[in-house]
Amino acid sequence: MQAFKDEDGLLRIRTKLADSYEKEDFKFPILLPASDVVVKLIREEHVKAMHAGSSILLAWLREKFWIIRAKRLVKRVLSESVICKRYKAKHVEVPFAPLPRDRVTQTKIFEVTGVYYAGPLYLKSKAKAWIVLLTYARDKENDALEVGDVLLIGHDNVQRIDWPLGVVLEVCPGKDGVPRVARVRTSHGERIRPFQRLYPLEVSAKTEISVLKASGKVSLPVEKTPESSTDHVSDSPTDYAPDSPIESTHNSEEKPPTKTRLARTIKIPRKVDL
């Protein structure tokens with residue numbers, strides 16, 4: 001590369017692109033020394049280049065100027081730029097605080113709830129509306145599933161209202177003795193599902209049988225054991241026949257109230273003799 005003076009008395013560099021069809025400033029860039037005036041020029045070009053990095057800024061400058069020790073001056077300008085420091089600064093990593101005890105304690109579904117509130121929203125009728133969302137605020141206690149519990153089986157591709165209903169037939173523990181899956185009976189057969197997909201309800205098959213026995217409105221199936229000839233009434237939920245004949249008997253003695261898993265009392269309807 002050779003340096004020469006142009007008609008205005010500026011020193012320019014003759015590059016290998018002298019015979020190209022590019023602009024004159026690109027073919028013959030102006031030679032500039034490493035001075036404070038050139039540093040101010042680099043700062044202005046740095047702002048025009050939208051605070052670009054060192055390599056992009058060097059390519060931007062070399063389209064017009066040939067600066068001596070350009071890399072060193074560009075790094076100096078970038079290190080002094082406040083905006084570049086702000087975007088290149090390391091983010092402060094704050095350690096995660098543990099969740100409060102009432103958020104991690106396992107409870108029944110919707111025993112502890114939270115409310116999300118949003119609004120106001122303006123409807124087409126120019127009326128205001130607000131959104132109130134009731135959510136469950138704790139982890140559900142699925143590890144307390146028992147044989148006979150009535151539950152819903154969750155699916156990702158099915159709406160919640162269409163989730164199938166099932167009854168737990170067996171709780172299968174793992175190698176460490178902790179149960180994580182259960183065998184469930186539905187209207188389409190038996191399935192094995194993990195606890196994360198099972199949503200137990202308040203009632204269970206055992207609770208329903210105890211209610212029917214207390215009300216005296218159903219006759220349970222009778223099993224005969226080979227050891228004895230006496231009749232044995234089975235309390236197993238799998239032995240309960242929903243199509244068994246119903247007897248309309250009247251109990252003079254009041255039975256103790258039966259409660260659900262959430263300690264809600266089940267009221268047994270009574271017939272009025274007219």
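Quick notes on the rules
- Residues numbered from 1 in each chain as written.
- Predicted model: local features only at pLDDT ≥ 70, side-chain atom pairs only at ≥ 80, totals over all residues.
- Heavy atoms only, no water.
- Helix = DSSP H or I, 4+ residues; strand = E, 2+ residues; numbered from the N terminus.
- Buried < 20%, exposed > 50% of the residue type's maximum accessible area, 1.4 Å probe, protein only.
- Contact = heavy atoms within 4.5 Å.
- Areas by Shrake-Rupley, 256 points an atom, 1.4 Å probe, with all protein chains shown as cover.
- Salt bridge = Lys/Arg side-chain N within 4 Å of Asp/Glu carboxyl O.
- Axes fitted to C-alpha atoms, helices over the stretch in contact; angles between N-to-C directions.
- Parallel < 35°, antiparallel > 145°, perpendicular 65-115°, else oblique.
- Left-handed = near helix turned anticlockwise from the far one by under 90°.
- Nonpolar A, V, L, I, M, F, W, Y, C, P; charged D, E, K, R; others polar.
- Polar contact = N/O pair within 3.5 Å; in protein donor to acceptor, adjacent residues only side chain to side chain.
- Core = buried A, V, L, I, M, F, W, Y, C linked by side-chain atoms within 4.5 Å.
- Patch = residues over 30% accessible without salt bridge, like charges linked within 9 Å, V, L, I, M, F, W, Y side chains within 5 Å.
- Phe/Tyr/Trp six-rings, centres within 6.5 Å; stacked < 30°, edge-to-face > 60°.
- Lys NZ or Arg CZ within 6 Å of the ring centre and 35° of its normal.
- Arc of directions from axis to C-beta.

- An unreviewed UniProt entry lists the protein chain under the name Integrase_H2C2 domain-containing protein, with Trichonephila inaurata madagascariensis as the source organism.

## What to know about the overall build of the protein chain
Right, so step 1: Each helix and strand in the protein chain was counted, giving seven helices and 15 strands.
Right, so step 2: For the protein chain, with 274 residues in total, the buried portion stands at 24%.
Right, so step 3: By sequence separation, contacts in the protein chain at least 24 residues apart represent 47% of the contacts at least 6 residues apart.
Right, so step 4: If you sum the accessible surface of the protein chain, you get close to 21100 Å²; carbon and sulfur atoms cover 55% of it.

## A few points about the pattern of salt bridges
Right, so step 1: Tallying each qualifying case throughout the model produces ten salt bridges.
Right, so step 2: Across the pair Glu 45 and Lys 48 runs a salt bridge whose closest N-O atoms are separated by 3.9 Å. In this pair, Glu 45 and Lys 48 both sit in helix α2 (residues 36-48), three residues apart, roughly one turn of the helix.

## Structural notes on the side chain of Lys 27
Right, so step 1: Assignment of secondary structure puts Lys 27 in helix α1 (residues 24-27).
Right, so step 2: Beyond its immediate sequence surroundings of up to four residues, Lys 27 is in contact with Ile 13, Thr 15, Leu 17, Ala 18, Ser 20 and Glu 22.

## Remarks on the packing of helix α3 (residues 54-61) against helix α4 (residues 70-80)
Right, so step 1: At a closest axis distance of 10 Å, the pairing of α3 and α4 adopts a crossing angle of 125 degrees. As far as their axial angle goes, α4 and α3 are oblique. Crossing of α3 against α4: the hand is right-handed. The residues of α4 that touch α3, namely those facing Ser 54, Leu 57, Leu 58 and Leu 61, are Ala 70, Lys 71, Val 74 and Leu 78.
Right, so step 2: Grouping the constituent residues of the contact of α3 with α4 by class yields six nonpolar, one polar and one charged.

## A word on the environment of Asp 6
Right, so step 1: Considering the arrangement of structural elements, one finds Asp 6 in the loop between β1 (2-5) and β2 (11-14).
Right, so step 2: Here the side chain of Asp 6 touches Leu 10 through a polar contact of 2.6 Å, landing on its backbone nitrogen.

## So, the side chain of Glu 45
Right, so step 1: Assessed through its relative accessible area of 6%, Glu 45 is described here as buried.
Right, so step 2: Within polar-contact distance, the side chain of Glu 45 engages the side chain of Trp 60 at 2.6 Å.
Right, so step 3: In contact with Glu 45, not counting residues within four places along its chain, are Leu 57, Trp 60 and Leu 61.

## Concerning the nonpolar core
Right, so step 1: Of all hydrophobic cores here, the largest spans 18 residues; its most connected members are Ile 42, Leu 57, Ile 67 and Val 74.
Right, so step 2: Elements with a minimum of two residues in this core: β3 (30-32), α2, α3, β4 (65-67) and α4.
Right, so step 3: The contacts of Ile 67, once residues within four sequence positions are left out, are Leu 32, Pro 33, Val 38, Ile 42, Leu 61 and Leu 73.
Right, so step 4: If you look at the next biggest cluster of nonpolar residues, it comprises eight residues, including Val 168, Val 184, Phe 195 and Leu 198.

## Thoughts on a nonpolar patch on the surface
Right, so step 1: Together, Phe 110, Val 115, Tyr 117, Trp 130, Val 132 and Leu 134 make up a nonpolar patch on the protein surface, roughly 690 Å² of accessible area in all.
Right, so step 2: Counting residues per element, the nonpolar patch draws most heavily on strand β6 (residues 128-136), which supplies three residues.

## Considerations on the packing of aromatic side chains
Right, so step 1: Following the criterion strictly, the structure yields two aromatic pairs and no others.
Right, so step 2: Taken together, a centroid distance of 5.6 Å and an interplanar angle of 85 degrees make the contact between Phe 4 and Phe 28 edge-to-face. Here Phe 4, found in strand β1, pairs with Phe 28, found in the loop between α1 and β3; they are 24 residues apart in sequence, far enough to count as distant.
Right, so step 3: Assessed through its relative accessible area of 12%, Phe 28 is described here as buried.
Right, so step 4: Between Trp 163 and Tyr 199, the ring centres sit 5.2 Å apart and the planes meet at 25 degrees, which makes this aromatic pair stacked. With Trp 163 in the loop between β7 (149-153) and β8 (165-173) and Tyr 199 in strand β11 (residues 198-204), this residue pair connects regions lying 36 residues apart in the sequence.
Right, so step 5: Judged by its relative accessible area of 14%, Trp 163 falls in the buried class.
Right, so step 6: Note on Tyr 199: relative accessible area 25%, which makes it partly exposed.
Right, so step 7: Looking at Arg 14, its charged tip hangs above the ring of Phe 4, at a distance of 4.5 Å from the centre.

## Digging into α4
Right, so step 1: Listing the buried residues of α4 in full gives Ala 70, Leu 73, Val 74, Val 77 and Leu 78. One face of α4 carries all of its buried residues, which in axial projection span an arc of 135 degrees. Away from its buried face by more than 90 degrees, α4 exposes Lys 71, Arg 72 and Lys 75.
Right, so step 2: Among the structural elements, α2, α3, β4 and α5 (82-88) are those in contact with the buried residues of α4.

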